[in-house]
Amino acid sequence: MQSTTYVPRKKYSGSLFYRLLLSFIIIILLLVSFNVASFTFFRSSIREEIIKNSSSNLETTVASYEKNIALIKSLMVSLYFNTHTEALKNNPQQFDFYILSQVQRELQNVLASNQLYLYNIIYFFPKRDFALDKDGSREAHMMFSKFYTSALYPDSFWPAEVAKPAQSFRVYPSAAFQEATSFSSRTIGTFNPVMFKSAALDSFAIFALLDSAQMFEAFSHFQRDADFYILDENGSETFAATSRTEPLKLKATTTNSGYYWEGTNYYFYKKGAETGSTYVLIVPLATITEQFFKLNVFMITLIVLSIIIGVGISILFAKRFNNPLSAIIGSIQQMDRHSTPYVTPIREFNVISQKLHDLFLTNETINRDLITKNSLLKHYAYLNKVKMIHTDIEGAKISIDSDRPYVIVLYQLMYIDSQLADMDMDPNRASYYIKEFVHSQFIQTFKDSLTFQIEKDQILTILFIDDSEREALDALLLDIKKIFELDASYCTVTIAVSPVYDNAFAFNTAFEYTLQLARQRKLGEDVQIIREKENLPPDLWLTPANMKEFTANLTSGNAAITIPIITKTLELAVKRGASYAQIAELAKEIVNLIIKTLYASHNPMSLLDEQRNPADSLRNCRTLAQFQQFFEELLTQSAAGIRQKKEATDYITSFVTSYVNDHFGSDLSLDLLADKLNITGAYLSTYFKEKTDTNFSDYVNTVRMNKAMELLKKTDLKIQDVASLVGYYTIASFNRMFKKHTGLTPSEFRRAQL
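Keep in mind it's a predicted model, so treat the numbers as computed, not measured.

## What about the packing of helix 18 (residues 651–662) against helix 20 (residues 681–692)?
- Relative to each other, helix 18 and helix 20 sit at 95°, their axes nearing to 10 Å. It follows that helix 18 is roughly perpendicular to helix 20 by the angle criterion. Residues Ile652, Thr653, Val656 and Thr657 of helix 18 form the contact with helix 20, whose participating residues are Tyr683, Leu684, Tyr687, Phe688, Lys691 and Thr692.

## Here's the deal with the side chain of Thr653
- Tracing the backbone through its elements, the reader meets Thr653 in helix 18.
- By relative accessible area, which is 11% here, Thr653 ends up buried.
- With residues near it in sequence (within four places) discarded, Thr653 still touches Tyr687, Phe688, Lys691 and Thr692.

## Quick notes on the nonpolar core
- Leu118, Ile121, Tyr123 and Phe228 are the most contacted members of the largest nonpolar core, which totals 46 residues.
- With 10 residues, the top contributor of residues to this core is helix 1 (residues 16–80).
- Once you skip the residues sitting within four places of it in the chain, Ile121 turns out to touch Leu75, Leu79, Leu107, Val110, Leu111, Leu132, Asp133, Lys134, Ile206, Phe207 and Ala208.

## Thoughts on helix 18
- Here helix 18 contains 12 residues, and its C-alpha end-to-end distance of 16 Å stays within 8% of the 16 Å for a straight helix at 1.5 Å per residue.
- Restricting attention to buried positions, one finds in helix 18 the residues Ile652, Thr653, Val656, Thr657, Tyr659 and Val660. The buried residues of helix 18 occupy one face: seen down the axis, they fall within an arc of 165°. Exposed positions of helix 18 whose direction lies more than 90 degrees from the buried face are Tyr651 and Asp662.
- Structurally, helix 18 contributes buried residues whose contacts are with helix 19 (670–677), helix 20 and helix 21 (696–714).

## Brief notes about the confidence of the model for the chain
- Chain-level pLDDT for the chain is 80 on average; 80% of the residues reach the 70-or-more range.
- Counting interchain partners and residues more than four positions distant, the pLDDT-below-50 stretch residues 1–11 has one contact.
- Scored below 50 in pLDDT, residues 389–399 makes 15 contacts in the model with residues more than four places away or belonging to other chains.

## Some thoughts on helix 4 (residues 140–147)
- Of all the positions in helix 4, only Ala140, Met143 and Phe144 are classed as buried. The buried side chains of helix 4 occupy one side of the element, clustering within an arc of 85° when seen end-on.
- Buried-residue contacts for helix 4 involve strand 1 (118–125), strand 2 (130–133), strand 3 (136–139) and helix 5 (157–163).

The rules behind the values
- Residues numbered from 1 in each chain as written.
- Predicted model: local features only at pLDDT ≥ 70, side-chain atom pairs only at ≥ 80, totals over all residues.
- Heavy atoms only, no water.
- Axes fitted to C-alpha atoms, helices over the stretch in contact; angles between N-to-C directions.
- Helix = DSSP H or I, 4+ residues; strand = E, 2+ residues; numbered from the N terminus.
- Parallel < 35°, antiparallel > 145°, perpendicular 65-115°, else oblique.
- Contact = heavy atoms within 4.5 Å.
- Buried < 20%, exposed > 50% of the residue type's maximum accessible area, 1.4 Å probe, protein only.
- Core = buried A, V, L, I, M, F, W, Y, C linked by side-chain atoms within 4.5 Å.
- Expected span 1.5 Å × (residues − 1).
- Arc of directions from axis to C-beta.
- pLDDT = per-residue confidence, 0-100.

Below, the structure written as structure tokens:
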């Protein structure tokens, strides 16, 4: 047999260390080449990205400006048409100083917040040479010639603008305003005057001074050397933040938004939808060139550092990897001395691959099977815990019985039935999709998390974490909340998060606590995350007096009284911090009370026979306004049905109710109204009782008490004056009747409102 001669290779040709080092260096060079090629390729598009960034910044600024102008316009409209302003406009002969003080207080309250960037609001009556602002009232020519004087806006400018009939709202160019009195002269600031008035009325207007510099500082997101202009619909400049001296002229071919390059500048422009103004951003080309230079320097530095660090780490890693590998090979060879010959140039890898390949495949198969079965067993065990189902699974020691700390996250889903119907989807299927989404989000960060559906509208997630991981959980819940908010039009979600529990045997207690957290949801269509338990108010909302008044007026079909009672009851519940569940339960009780009252008075709600069930409508109410709208419609329909059942026209009852509501402060008696109707007092009393189920005296007292409550709540009048205004000539009789009606004395009622 011929012997085989072993021919040795080069000293280091088969060494794992040098092969690893060479491989790492090749990879580093490939990555560097890729980075260089990527930088060369993408540098051509960086200019476009900078242009997009400038356009995006301009759009953000325009949106902020337009939104602020819209809010200011809405504010000026509300001020122009509120009760006190109407009183001033409708009484041109003489101003009521009480109303003037109320208007001044309203202006001070509005201007106390600087969110709209308003410096002042001025009520201007040009024909009376009168002006009123937050600091007081004075002659108009003195206000605009001394306290708010400007070269661009002399005191003759303001009456001339009010006299123009075609405009009702306008934002004027910014200008510097000074205060020039006999004692001092100082610059107040740079403001854009804003005017609002009726196009058909030249005797009154509201002017606002908009702080131009503060608005620009708050809304602009531009680089330091950029120029910014605001042009009105005629192309005139209304504001500028620039160092340029020459006036700005855009190309005549510009559209509503876009950009163009002219000279050494880029011109970005966009037209606002609310004001019609054109916003212009001018970015010098030198800025973009400077950014390219900085980017080149940064990339070259980064590539050089990457090469140096990569080579150093490669050498260190290759050494660390090669040393323990020799010991591993020795251990494997002791397990099986009949190793197969290697088939690759690296001897160590051949030995490891041959000895571990089969073990790896077998272990992977077993591990995958165990993971799947253990996951199913966990879901089954936790679902039994939630449902309180006892099982006798012996030997199944899963994590539910361990002492690992855990947190429970409960998702309470409230669907909008009409939206699901439009999507052709039932709640069970929608909940399944939501459960899969939640599971996919949690499993990426918390590998041991379990997510499963326990009811058609409830999803549960169990996380095995401690207090140190709460920040990661909070961040993940905020991301999930943002995604849920995108689907708020068809599903309202409440996320209840329990504290960290250490004892697995307290799981049922933890789950019940999380359910109680979910029941603390407040009104609203937003996604709410609840972590802390709070004390909810008691469920007693309707007082016996309100209940009696409500049922009496409901039976008589008087929606004008029943609707405010329910509206105020709901507002009171929200003010006291009631949860959504409490509000919903209160709404159900009110609906049941309406139905019982109508049936008791032989007025069945036949109007609901062809309408949607009230329970379905209540289930879709999320906000206070929706609950109030629901009861307004329900009570209006109920009152209409009741009145329809009664006589089509009831002149006597209508006359009595109208007269009482118009003359509640005067002396009211049956004989007085009977004389006006040419009937006897006894007949009127019997007739009114039969038609309204209310005594005449009770009705008068109810109207007077409602008006008294309104005056005590909305005015600072003395209680004795309120009593006189509502028809009581002695304070004792007024106090006695008020406490009988509300359960409180007038003083206690006013303190409760405050």
